[in-house]
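Single-letter residue listing:
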Amino acid sequence: MYNDLLAIQPEVLMALQNNKPVVALESTIISHGMPWPKNVETALAVEQAVRDAGAIPATIALINGQSKVGLSRDEINYLGQTNGVWKVSLRDMPYVLSKQLTGATTVAATMRIAAMAGIRVFATGGIGGVHRGATATMDISADLTEMSNTNVAIVSAGVKSILDIGLTLEYLETMGIPVVTYGQDAFPSFYSSASGFTTPLRLDTTKEIANMLSLKWKMKLNGAVLIANPLPAGSDVAPDVMEAHIVAALHEAEKQKIAGKEVTPFLLKYIAEHSKGESLEANIALILNNAALAGRIAVDLSGLD
Ligand code: PSU
Ligand code: MN
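From a predicted model like this one, the values you see are computed outputs, not experimental measurements.

Reading the values: the criteria
- Residues numbered from 1 in each chain as written.
- Chains lettered and ligands numbered in written order.
- Predicted model: local features only at pLDDT ≥ 70, side-chain atom pairs only at ≥ 80, totals over all residues.
- Heavy atoms only, no water.
- Helix = DSSP H or I, 4+ residues; strand = E, 2+ residues; numbered from the N terminus.
- Phe/Tyr/Trp six-rings, centres within 6.5 Å; stacked < 30°, edge-to-face > 60°.
- Buried < 20%, exposed > 50% of the residue type's maximum accessible area, 1.4 Å probe, protein only.
- Lys NZ or Arg CZ within 6 Å of the ring centre and 35° of its normal.
- Pairing = 2+ DSSP bridges.
- Expected span 1.5 Å × (residues − 1).
- 1 Å grid on protein atoms, 1.4 Å probe; cavity = no way out; pocket = protein on both sides within 12 Å on 5 of 7 lines; lining within 4 Å.
- Points joined across faces, edges and corners; volume = space filled by probe spheres on them.
- Nonpolar A, V, L, I, M, F, W, Y, C, P; charged D, E, K, R; others polar.
- Axes fitted to C-alpha atoms, helices over the stretch in contact; angles between N-to-C directions.
- Parallel < 35°, antiparallel > 145°, perpendicular 65-115°, else oblique.
- Left-handed = near helix turned anticlockwise from the far one by under 90°.
- Contact = heavy atoms within 4.5 Å.
- Lys, Arg positive; Asp, Glu negative; His and termini not counted.
- Salt bridge = Lys/Arg side-chain N within 4 Å of Asp/Glu carboxyl O.
- Polar contact = N/O pair within 3.5 Å; in protein donor to acceptor, adjacent residues only side chain to side chain.

A. Local environment of unusual backbone geometry. Residue W36 is joined to P37 through a cis peptide bond whose omega torsion reads 5°. Tracing the sequence through the fold places P37 in the loop between α2 (28-33) and α3 (38-52). Despite not being glycine, M138 has its phi angle at roughly 60°, a positive value. Within the element layout of this structure, M138 appears in the loop between α7 (134-137) and α8 (142-147).

B. View of the packing of aromatic side chains. Tallying each qualifying case throughout the model produces three aromatic pairs. Considering the side-chain rings of W86 and Y95, the 5.4 Å spacing of their centres and the 40° angle between planes classify their relative orientation as tilted. Look at F266 and Y270: their rings are 6.4 Å apart centre to centre, the planes differ by 25°, and that puts the pair in the stacked class. Residue F266 and its partner Y270 are both found in helix α12 (residues 263-274); the two are separated by four residues, about one turn of the helix. For the pair F266 and Y270, a shared accessibility class is recorded, and that class is buried. If you follow K160 out to its NZ or CZ, it ends over the ring of F190, 4.0 Å from the centre.

C. Structural detail: the environment of G183. Position of G183 among the secondary structure elements: in the loop between β9 (179-182) and β10 (201-203). Judged by relative accessible area, which is 39%, G183 ranks as partly exposed. Along the backbone, G183 and D204 are 21 residues apart, and their C-alpha atoms lie at a distance of 4.4 Å.

D. Region of the structure containing the pairing of strand β4 (residues 66-69). In this structure, strand β1 (residues 6-8) lies alongside β4, joined through three bridges in parallel fashion. Paired with L6 across the strands is S67, a residue of β4. Looking at chain direction, strand β3 (residues 56-63) and β4 are connected through four bridges and run antiparallel. Paired with I60 across the two strands is V69, which belongs to β4.

E. Focus on α3. The end-to-end C-alpha distance of α3, which contains 15 residues, comes to 20 Å, matching closely the 21 Å that a straight helix rising 1.5 Å per residue would cover. Positive backbone phi, approximately 100°, marks G54, located one or two places after α3.

F. Examining the layout of surface pockets more closely. In this structure, the largest pocket occupies an estimated 660 Å³ of space. Residue lining of the largest pocket: 34 residues in total, with K87, T106, S141, D143 and T264 positioned closest to the centre. Contributing elements (two or more residues each) for the lining of the largest pocket: α2, α8 and α12. Tallied by class, residues from the lining of the largest pocket come to 12 nonpolar, 14 polar and eight charged. Lining the second largest pocket are 20 residues; nearest its centre among them are S31, H32, M34, P35 and K269.

G. The packing of α3 against helix α13 (residues 278-302), seen in detail. Orientation of α3 relative to α13, taken along the N-to-C sense of each, is 25°, at an axis distance of 8 Å. Here α3 is positioned roughly parallel relative to α13, judged by the angle of their axes. Where α3 crosses over α13, the two elements pack in a sense that is right-handed. In this structure, α3 contributes K38, T42, A45, V46, A49 and V50 to the contact, and α13 contributes L280, E281, I284, I287, L288, A291 and A292. Grouping the constituent residues of the contact of α3 with α13 by class yields 10 nonpolar, one polar and two charged.

H. Representation of the side chain of D143 in the model. With respect to the helices and strands, D143 occurs in helix α8. Of the side chains with opposite charge, K87 lies nearest to the buried D143, which makes no salt bridge, at 7.9 Å. At 3.0 Å, the side chain of D143 and the backbone nitrogen of A108 are in polar contact. The contacts of D143, once residues within four sequence positions are left out, are T106, V107, A108, I127 and G128.

None of this, on its own, says anything about what the molecule does.
So, in structure tokens, the structure goes:
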């Protein structure tokens, strides 16, 4: 129904038409989440990780006013190397599209486009959430409200500790979004496999996750499922080391009066620059790990219809 609004790559379209597994990937992480050239290398490696798991990758972005589902290598390069690419969340979508601009899509915008294309599984690094201090700033990512609407499963490495993890979990509960951690009781916090919080739900196999997704959507319980995938052992960063960088980044953001959509990219950049690449390496490891899990879930889910 929506396909005249989308430009779907032929390989992705063919897979969707034949009920083959497809995994959506976001592009804000390429343009605003990681430095060049690691961003482009990672984006390509993530696509490969999806393929290795038996699914077709569809990286999503707005290119010259088109919602693209599946990008060429040149387009990924462009998003990774060009300064001033728009960061597009839901509120920016109609503006960027109608002005024929190019933008990288956040989790919220990527999910919406993925759902329009018929993709049900999405891999990312970290979702946006309720920021620390949100009781005063009201800084809550549109990723969360979008997750209450749109039927896409999101595989992330939990919630990043630049956010208020407790408030983010409360918000997800209010919005009726199931939070499932894969294979453990501790809810992971991106760079670390723990967070101090216990996961609301736990499943140990991709088959069980696929069954739950299928049942949820059959019952018209609309919205996302957040699947938290702990970072592989050995690649995590010590929580106190991360916390020191995060506190410094928050302090600097306040000093420079960073607000609105700039907050998350500012914090990510500050932390990457001050943690001697340690956080970047962990970031890459966890995204690859998420892509592989998402690929396996997509395979199991496509086997159920
Ligand atoms: N967290 C990360 N890396 C990212 C993002 C968040 O660790 O790249 C990006 C994602 O695209 C996410 C977006 O959807 O930031 C959230 O931005 P905001 O907080 O402005 O909604
Ligand atoms: Mn925000």
